[in-house]
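Listed here are the chains, written in short residue letters.
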Amino acid sequence: MKDNVILIGFMGCGKTSVGIRLSYSLKRTIIDTDKWIEKKQNMTVSEIFAKEGEQAFRQMETDCIKELINTADRQIISTGGGLPVKEENHVLLKALGRVYYLKVTPETVYERLKDDTTRPLLQGADPKARIEELLLKREPLYEKCADVIIEVSDKSFDEIIAEIMKEEGKER
Ligand code: S3P
């Protein structure tokens, strides 16, 4: 197993923001699977969804993780919110490192993303209902995939980072 720290969780749970702060604390670089895919495809995630469809994007996510198993070590990997939905990705994520699930409430997600235009899955007429529906469906999969679950809705970044550092055996 590789020694990466992997962050999973629903859109808006703070994977990217936590990942960036964690990269300072752990002195590791960060890879974001969405950005990795965007760079490789030379398109934004929204463009990929519009032009190639969600299924094609999901295959790109699996390909990304497979490639990271060969190339990434001692890094932080922030994943797209839908990546753990495909159960075949669980084995791949576990091979890549320790999986931290940043667990968030639907209310917090809605507050954070109600004006967001970059998440194609939340652009419908009722984003609040969509968040609730998707989160309900995904929660068991995130939990199944996780080595560590961290509730993040009512915590500061400092508290979240401290919990992860403790798990990593590095108390601050
Ligand atoms: C998605 C989450 C997004 C991005 C895409 C699909 C999802 O990533 O991969 O829009 O299915 O939950 P973030 O979780 O970084 O927003």
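Refer to the structure presented above.
Procedures and definitions
- Residues numbered from 1 in each chain as written.
- Predicted model: local features only at pLDDT ≥ 70, side-chain atom pairs only at ≥ 80, totals over all residues.
- Heavy atoms only, no water.
- Pairing = 2+ DSSP bridges.
- Helix = DSSP H or I, 4+ residues; strand = E, 2+ residues; numbered from the N terminus.
- Axes fitted to C-alpha atoms, helices over the stretch in contact; angles between N-to-C directions.
- Near = heavy atom within 4 Å.
- Polar contact = N/O pair within 3.5 Å; in protein donor to acceptor, adjacent residues only side chain to side chain.
- Areas by Shrake-Rupley, 256 points an atom, 1.4 Å probe, with all protein chains shown as cover.
- Nonpolar A, V, L, I, M, F, W, Y, C, P; charged D, E, K, R; others polar.
- Phe/Tyr/Trp six-rings, centres within 6.5 Å; stacked < 30°, edge-to-face > 60°.
- Buried < 20%, exposed > 50% of the residue type's maximum accessible area, 1.4 Å probe, protein only.
- Lys NZ or Arg CZ within 6 Å of the ring centre and 35° of its normal.
- Arc of directions from axis to C-beta.
- Contact = heavy atoms within 4.5 Å.
- Parallel < 35°, antiparallel > 145°, perpendicular 65-115°, else oblique.
- Left-handed = near helix turned anticlockwise from the far one by under 90°.

Student: Teacher, can you tell me more about the sheet that holds strand β5 (residues 148-151) here?
Tutor: Across a sheet, paired strands are connected by hydrogen bonds in the backbone, their directions being either parallel or antiparallel. Ordered in space as β2-β3-β1-β4-β5, the five strands form an open sheet in which the pairing is parallel. The outermost strands of the open sheet, each flanked by one partner alone, are β2 (30-32) and β5. Going from strand to strand, the sheet's axes swing by 25° on average, the running direction of each strand aside. One ladder, built from three bridges, connects β2 with strand β3 (residues 76-78); its direction is parallel.

Student: Just to check I follow, could you spell out the site of the ligand for this structure?
Tutor: Taken together, 13 residues sit near the ligand, with Lys15, Asp34, Arg58, Arg119 and Arg138 positioned nearest. A distance of 2.7 Å separates an oxygen atom of the ligand from a polar side-chain atom of Asp34. Residue Arg58 places a side-chain N or O atom 2.7 Å away from an oxygen atom belonging to the ligand. When the free accessible area of the ligand is taken as 390 Å², the share hidden by the protein chains comes to 95%. By residue class, the composition of the shell around the ligand is five nonpolar, three polar and five charged.

Student: What should I look at first to understand the packing of aromatic side chains in this one?
Tutor: The geometry of an aromatic ring pair comes down to the distance between the two centres and the angle between the two planes. Here the structure, examined in full by the defined rule, presents two aromatic pairs. For the pair Phe49 and Phe57, a centre-to-centre distance of 5.2 Å together with 45° between the ring planes defines the contact as tilted. Of the residues examined, Phe57 reaches a relative accessible area of 3% and is grouped as buried. When the ring centre of Phe157 is taken as origin, the NZ or CZ atom of Arg21, which lies over that ring, is 3.7 Å away.

Student: Would you take a moment to explain helix α8 (residues 157-167) for this structure?
Tutor: Since one α-helical turn is 3.6 residues long, residues separated by three or four positions face the same way. Those residues of α8 that sit buried are Ile160, Ile161, Ile164 and Met165. Along the axis of α8, the buried positions cluster into a sector of 135°, meaning they face one direction only. More than 90 degrees from the buried face of α8, the exposed residues found are Asp158 and Lys166. Looking at the buried side of α8, the elements it contacts are β1 (4-8), α1 (15-26), β4 (97-103) and β5. Directly after α8, the chain includes Gly169, whose backbone phi takes a positive value near 80°.

Student: Hey, could you run me through the environment of Gly19 in this one?
Tutor: Secondary-structure assignment places Gly19 in helix α1. Between the alpha carbons of Gly19 and Asn42 there is a distance of 23 Å; along the sequence they are 23 residues apart. Apart from residues no more than four positions distant in its own chain, Gly19 is found in contact with Leu7, Gly14, Ile30 and Ile76.

Student: What's the story with the packing of helix α6 (residues 106-113) against helix α7 (residues 127-145) in this structure? I'm lost.
Tutor: For any two helices packed against each other, the geometry comes down to the angle between their axes and how far apart the axes lie. In the contact formed by α6 and α7, the axes pass within 10 Å of each other and the chain directions differ by 140°. On the basis of the axis angle, α6 is oblique to α7. In this structure, α6 crosses over α7, and the sense of that crossing is right-handed. Taken together, the residues of α7 that come into contact with α6 (itself represented by Pro106, Val109 and Tyr110) are Pro127, Lys128, Ile131, Glu132 and Leu135.

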